[in-house]
Amino acid sequence: GAVVSQHPSWVICKSGTSVKIECRSLDFQATTMFWYRQFPKQSLMLMATSNEGSKATYEQGVEKDKFLINHASLTLSTLTVTSAHPEDSSFYICSARKLAGGPQDGELFFGEGSRLTVL
Amino acid sequence: DAKTTQPPSMDCAEGRAANLPCNHSTISGNEYVYWYRQIHSQGPQYIIHGLKNNETNEMASLIITEDRKSSTLILPHATLRDTAVYYCIVRVGMGGGNKLTFGTGTQLKVEL
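Worth saying up front: this structure is predicted, and the values here are computed from it rather than measured.

Engineer: Just checking my understanding: could you explain the side chain of A:Thr80 for this structure?
Structural biologist: Here A:Thr80 is to be found in strand β8 (residues 76-81). Apart from the residues within four sequence positions on either side, A:Thr80 is in contact with A:Ser18, A:Val19, A:Lys20, A:Lys66, A:Phe67 and A:Leu68.

Written out as structure tokens, the structure is:
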């Protein structure tokens, strides 16, 4: 099956610093990637949709200047949490949509998640 | 995408079938029913999806009622490793915006 990898899988940082999380589709090309955030005992909340080569579309209430998303290639999207604070501590999950034209065309695959703890 | 309603939790004995219900009474004709599950501290895992007909794969079976207003995910022989939160999502197929909106899901606990 298609594999989506996130790095790092967990990170601890000091308040005020920025943290970058990578999401890679390892064996397929992804036109669209989605970023979710999940707080303990809650469901996944969509933060933004990123399309390769264009600006991300953010969900209502998500600060685009705080959560910078870059989707520079068909296999990589990054989420940068800028000036992180303890309330940004969460489980961040990406999902990649497989480029049309082959098996599982258009289907969505999820990464393993990245746990961010801001001290 | 249509809203879904699932029980918050269910228990199942290992080796027995786990039947997870989902109501989606406002589903549109072009919306599919998808099931994902999330094991603790991992990303969601795709299980199965369907439009009108019942579907089966190596993981589970999906039974959709004739009026499509509800469905049931069946894990035929649940194991401890099936303990997870199961999400039922209805959405337009693979085209369009394609984003998935997760509800609260059902926490399935499989016990000895």
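Anyway, onward from the coordinates.
Engineer: Please explain the interface of chain A and chain B as it appears in this structure.
Structural biologist: For interface size, the figure often reported is the accessible area lost on association. At the interface, 19 residues of chain A touch 20 residues of chain B. Across the chain A-chain B interface, the total number found is zero salt bridges. Here chain A is connected to chain B by five residue pairs in polar contact (both at pLDDT 80 or more). Where the side of chain A that touches chain B is concerned, the elements lending two or more residues are β4 (30-38), β9 (90-98) and β10 (108-110) of chain A. Taken together, the residues of the side of chain A that touches chain B break down into eight nonpolar, five polar and six charged.

Engineer: Which parts of the structure should I look at to understand the side chain of A:His71?
Structural biologist: All names here are of chain A. When you line up the elements, His71 lands in strand β7 (residues 67-73). Only 2.9 Å separates the side chain of His71 from the side chain of Ser50, close enough to count as a polar contact. With residues up to four places along the chain from it excluded, the contact list for His71 reads Ala30, Thr31, Thr32, Met33, Ser50, Asn51, Glu52, Gly53, Leu76 and Ser77.

Engineer: Just to check I follow, could you spell out the packing of aromatic side chains for this structure?
Structural biologist: Note on aromatic pairs: each is described by the distance of the centres and the angle between the planes. Enumeration over the complete set of coordinates arrives at 12 aromatic pairs over all chains. Centroid distance A:Tyr36 to A:Phe110: 6.0 Å. Interplanar angle 45°. Geometry classified as tilted. On the criterion of sequence distance, the pair formed by A:Tyr36 in strand β4 and A:Phe110 in strand β10 is long-range, its members being 74 residues apart. The class for A:Tyr36 is buried, based on a relative accessible area of 1%. Overall, the relative accessible area of 11% leaves A:Phe110 in the buried class. We note B:Arg91 situated over the ring of B:Tyr34; from NZ or CZ to the ring centre the distance is 4.1 Å.

Engineer: Help me out: how do you make sense of the pairing of strand β11 (residues 114-118) of chain A in this one?
Structural biologist: In summary, the side chains of a regular strand alternate between the two faces of the sheet. Residues and elements named next belong to chain A. Only one face of β11 is buried, namely the one carrying Ser114, Leu116 and Val118, since none of Arg115 and Thr117 on the opposite face is buried. One ladder, built from four bridges, connects strand β2 (residues 10-13) with β11; its direction is parallel. The residue of β11 that forms the bridge with Val11 is Leu116. For β9 and β11, the ladder comprises three bridges, and the chain directions are antiparallel. Residue Ser90 lies in a different strand from β11, and its bridge partner there is Leu116.

Rules and cut-offs
- Residues numbered from 1 in each chain as written.
- Chains lettered and ligands numbered in written order.
- Predicted model: local features only at pLDDT ≥ 70, side-chain atom pairs only at ≥ 80, totals over all residues.
- Heavy atoms only, no water.
- Helix = DSSP H or I, 4+ residues; strand = E, 2+ residues; numbered from the N terminus.
- Contact = heavy atoms within 4.5 Å.
- Salt bridge = Lys/Arg side-chain N within 4 Å of Asp/Glu carboxyl O.
- Polar contact = N/O pair within 3.5 Å; in protein donor to acceptor, adjacent residues only side chain to side chain.
- Nonpolar A, V, L, I, M, F, W, Y, C, P; charged D, E, K, R; others polar.
- Phe/Tyr/Trp six-rings, centres within 6.5 Å; stacked < 30°, edge-to-face > 60°.
- Buried < 20%, exposed > 50% of the residue type's maximum accessible area, 1.4 Å probe, protein only.
- Lys NZ or Arg CZ within 6 Å of the ring centre and 35° of its normal.
- Pairing = 2+ DSSP bridges.

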